[in-house]
Amino acid sequence: MSLTRLTAVEQADLLARKQVSSEELTQAHLDRIDEVDSHVHAFLAVSPDQALAEARSVDHDRATNQDLPPLAGVPIAVKDLLATKGIPTTAGSKILEGWIPVFDATVVRKVKQARMPILGKTNLDEFAMGSSTEFSAFGPTHNPWDLTRIPGGSGGGSAAAVAAFEAPLALGSDTGGSIRQPAAVTGTVGAKPTYGGVSRQGGVALASSLDQVGPAARTVLDAAYLHEAIAGWDPKDSTSLNEPPPAIVHAAKLGAQGDLTGMRIGVVTQLKGEGYEPGVLQRFEEALETLRGLGASIEEVDCPSFDYSFAAYCLIMASEASSNVARFEGIRHGLRVGEDEPGATAMTMMSATRAAGFGPEVKRRVILGTYALSAGYYDAYYGSAQKVRTLIQRDFAAAWEQTDALVTPATPFTAFPLGEKVENPLAMYLCDLATIPSNLAGIPGMSLPSGLVDGLPAGIQVLAPVRRDEVMYRVAAALEAALTAQWGSPLWANAPDILRQSGKEDAR
Amino acid sequence: MSDITREEVARLADLAKIALTSAELDRLAGQLDAIVDAVAVVSGAVDESIPATSHPIELTNVMREDIPEPCLTNEESLAAAPAAEDGFFRVPRLMGETP
């Protein structure tokens, strides 16, 4: 069996027992990237020299019996939204092409402290604005299950890298579903922690009150280990929670024992009806049966304000985004255009640089956000959206009176063909229908596979109260174990061969 | 219907400092009109009595100790600049010609 098909925990176990070296393991993943990434395009940059140097350093420390963290020597991919010292960071935008950060994002520093070799940077929609990676300035990522389809977004690169066995783990960021929706459509696992549970410092900001960094993995336990490695207070992020992170790995192990007796699980009426594909709902209903079989009680929960969450999200996200991307002005880093035009000023240079450096979705959201924040419209749009946010939090608070966790389909539909929604922004935004409410409320959420619909993966989402990420991991691990037993193998183990698919494409 | 005309998009693009092309102005006017129509429902969903939430988990007065910490050197700060001179970012002049 190939090393790359092992879970991160299995890889860590082989390393700990010295049955494989980190250098071999890291090289195996670099070879896999060489083999398939021209078809998948999960990576924007690969960093073999740095990765192998760290792998050898871990091997040396292990050979001399030094204490090592649990994931030491297990390689990882990093979403190109997160600053990596010495490795180009583009955020999927032309305006940052060629930028080599002089610092590491806090989560990248933590991954390095966990002694994980960094394989490279993964593709994303420009500044994480999108649900398909098609808005990356450097071309889309392809879904490993069907190369003609989207891998989700914005973190399609991280999810595809994990699904295609190019990396066992990856970092993502989630503003409205950018970790969970790609996980759902690629048959993998992705978690958005409680807001403030993981540092955002060094991530290129999309919408600061919604953004949260989190893990992409193939299993719930793998995600738990990575989540625990990056969690915790960061004085450099003023929204970071100064309190001990929840015991996530323990909860995932507990959940995998398969007993949810006494657990009250709610199903949100507003997140399963209109707009959801019948096949996705079918897998969801079956997963509910499985949860009942594990001893959980299932009840329906009404969250009427969720009907407005999509609208509120669009306004808040676009408003914060338009403010955040103001920092790209052609002065401090990246692209500069129009400096030598006759009569050029700093302002004309800035406008020309942003026109040349931003893609269509970024322009759309910046203009929408500028509109929502402009005099005369502020109260009606941004102000009202912030009040809807209060209503959504109240709906969640009422739900937690009756339940310990909520479950929903993770996405309304499975992976659609590349190109299908690029010219239809509203249809694209609806990809995040089920994931948006948790960002507005700051609660943790994760997606795990619920099964296949016409050969394509569907996901189920587990939500838990703020600061209770461990509840979400316990439920998800229990469900994963039960579904895997029903299927006979993990869903991701059955993805069609990428080289055979691309061969078919070539023949066409 | 909302009222996002081509002229309104041009005004917003000027505020946002993005030099949009004529074709972009046309396309965005139609798209933004549809998006704003879809999201305008928020104003009917709330009233005066509901407080606004700006952050999911409210923290107040987050400050760190007033102790100097290492930061980027001048050279590091300028490393990615498109143009730098004498330890400063270099930019085109700020004011245009007086007519």
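Please read these numbers as outputs of a predicted model, since none were measured by experiment.

Caption draft 1: Examining the interface of chain B and chain A more closely. Facing the 56 residues of chain B at the interface are 65 residues of chain A. Across the chain B to chain A interface the summed buried area is about 5100 Å²; carbon plus sulfur atoms make up 71%. Our count for the contact surface shared by chain B and chain A stands at 2 salt bridges. For the salt bridge of Glu24 of chain B with Lys363 of chain A, the shortest nitrogen-to-oxygen distance reads 2.7 Å. Inspection of the chain B/chain A interface yields 14 residue pairs in polar contact (both at pLDDT 80 or more). For the side of chain B that touches chain A, the elements supplying multiple residues, two or more each, are helix H1 (6-15), helix H2 (22-39) and helix H3 (42-45) of chain B. The element that contributes the greatest number of residues to the side of chain B that touches chain A is H2 of chain B, accounting for 10 residues. Split into classes, the residues belonging to the side of chain B that touches chain A amount to 39 nonpolar, 6 polar and 11 charged.

Caption draft 2: Spotlight on the sheet that holds strand S3 (residues 118-122) of chain A. Residues and elements named next belong to chain A. Sheet architecture is open: 11 strands sit in the order S1-S3-S2-S4-S6-S5-S10-S11-S9-S7-S8, paired in mixed fashion. In the strand order of this sheet, the two ends are held by strand S1 (43-46) and strand S8 (297-301), each with one partner. Neighbour to neighbour, the strand axes of the sheet diverge by 30° on average, direction disregarded. Sheet topology note: the strand S5 (residues 189-192)/strand S6 (residues 212-217) ladder contains 2 bridges and is antiparallel. Bridge pairing in S6 links Gly190 to Ala216.

Caption draft 3: View of a nonpolar patch on the surface. On the surface, a cluster of nonpolar side chains totalling about 330 Å² of accessible area is made up of Val91, Leu94 and Met95 of chain B. Looking at the element boundaries, Leu94 of chain B is found in the segment after strand S2 (88-89).

Caption draft 4: Looking closely at the pattern of salt bridges. Residues and elements named next belong to chain A. Scanning the model with the defined rule gives 27 salt bridges over all chains in all. We note a salt bridge from Glu300 to Lys272, for which the minimum N-O separation is 3.7 Å. Highlighted residues: Glu300 in strand S8 and Lys272 in the loop between strand S7 (264-268) and helix H9 (278-293), separated in sequence by 28 residues. When the shortest N-O distance is used, the salt bridge between Arg468 and Glu470 registers 2.7 Å. Arg468 gets classed as partly exposed once you look at its relative accessible area, which sits at 39%. Owing to a relative accessible area of 19%, Glu470 belongs among the buried residues under this scheme.

Caption draft 5: The arrangement of the packing of helix H10 (residues 309-324) of chain A against helix H13 (residues 379-402) of chain A in detail. All names here are of chain A. Here H10 crosses H13 at 125°, and the two axes come no closer than 9 Å. For the element pair H10 / H13, the angle class is oblique. Pair H10 / H13 crosses with left-handed handedness. The residues of H13 that touch H10, namely those facing Ser309, Ala312, Leu315, Ile316, Ser319 and Glu320, are Tyr381, Tyr382, Ala385, Gln386, Val388, Arg389 and Ile392.

Caption draft 6: Quick look at unusual backbone geometry. All names here are of chain A. The peptide bond linking Gly153 to Ser154 adopts the cis configuration, its omega dihedral lying at 5°. Locating Ser154 in the fold gives a position in the loop between S3 and helix H5 (156-163). The residue Arg115 is not glycine, and still its phi comes out positive at about 65°. As for its position among the elements, Arg115 is in the loop between helix H4 (106-113) and S3.

Caption draft 7: Highlighting empty space enclosed by the protein. What the rule picks out here adds up to 3 cavities of 30 Å³ or more. One number sums up the size of the largest cavity: a volume of about 100 Å³. The wall of the largest cavity is formed by 16 residues, among which Ser131, Tyr313, Met317, Arg365 and Asp432 of chain A lie closest to the centre. Take the lining of the largest cavity: its biggest share by element is 4 residues, from H10 of chain A. Partitioning the lining of the largest cavity into residue classes produces 8 nonpolar, 6 polar and 2 charged. The calculated volume of the second largest cavity comes to roughly 60 Å³. Taken together, Pro360, Lys363 and Arg364 of chain A together with Glu24, Arg27, Leu28 and Gln31 of chain B make up the lining of the second largest cavity. When residues of the lining of the second largest cavity are traced back to their parent elements, those giving at least two are helix H12 (360-373) of chain A together with H2 of chain B. Per element, the largest residue contribution to the lining of the second largest cavity is 4 residues, and it comes from H2 of chain B.

Caption draft 8: Here's a closer look at H1 of chain B. What H1 of chain B keeps buried is the set Glu8, Val9, Leu12 and Ala13 of chain B. Projected onto a plane normal to the axis of H1 of chain B, the buried residues spread over an arc of 140° and lie on a single side. Away from the buried face of H1 of chain B by more than 90 degrees, exposed residues Glu7 and Asp14 of chain B are located. Those residues of H1 of chain B hidden inside the fold are in contact with H12 of chain A together with H2 of chain B. Once H1 of chain B ends, the next one or two residues include Lys17 of chain B, with phi positive near 55°.

Parameters and conventions
Residues numbered from 1 in each chain as written. Chains lettered and ligands numbered in written order. Predicted model: local features only at pLDDT ≥ 70, side-chain atom pairs only at ≥ 80, totals over all residues. Heavy atoms only, no water. Contact = heavy atoms within 4.5 Å. Buried area = accessible area lost by both parts, 1.4 Å probe. Salt bridge = Lys/Arg side-chain N within 4 Å of Asp/Glu carboxyl O. Polar contact = N/O pair within 3.5 Å; in protein donor to acceptor, adjacent residues only side chain to side chain. Helix = DSSP H or I, 4+ residues; strand = E, 2+ residues; numbered from the N terminus. Nonpolar A, V, L, I, M, F, W, Y, C, P; charged D, E, K, R; others polar. Pairing = 2+ DSSP bridges. Axes fitted to C-alpha atoms, helices over the stretch in contact; angles between N-to-C directions. Patch = residues over 30% accessible without salt bridge, like charges linked within 9 Å, V, L, I, M, F, W, Y side chains within 5 Å. Areas by Shrake-Rupley, 256 points an atom, 1.4 Å probe, with all protein chains shown as cover. Buried < 20%, exposed > 50% of the residue type's maximum accessible area, 1.4 Å probe, protein only. Parallel < 35°, antiparallel > 145°, perpendicular 65-115°, else oblique. Left-handed = near helix turned anticlockwise from the far one by under 90°. 1 Å grid on protein atoms, 1.4 Å probe; cavity = no way out; pocket = protein on both sides within 12 Å on 5 of 7 lines; lining within 4 Å. Points joined across faces, edges and corners; volume = space filled by probe spheres on them. Arc of directions from axis to C-beta.

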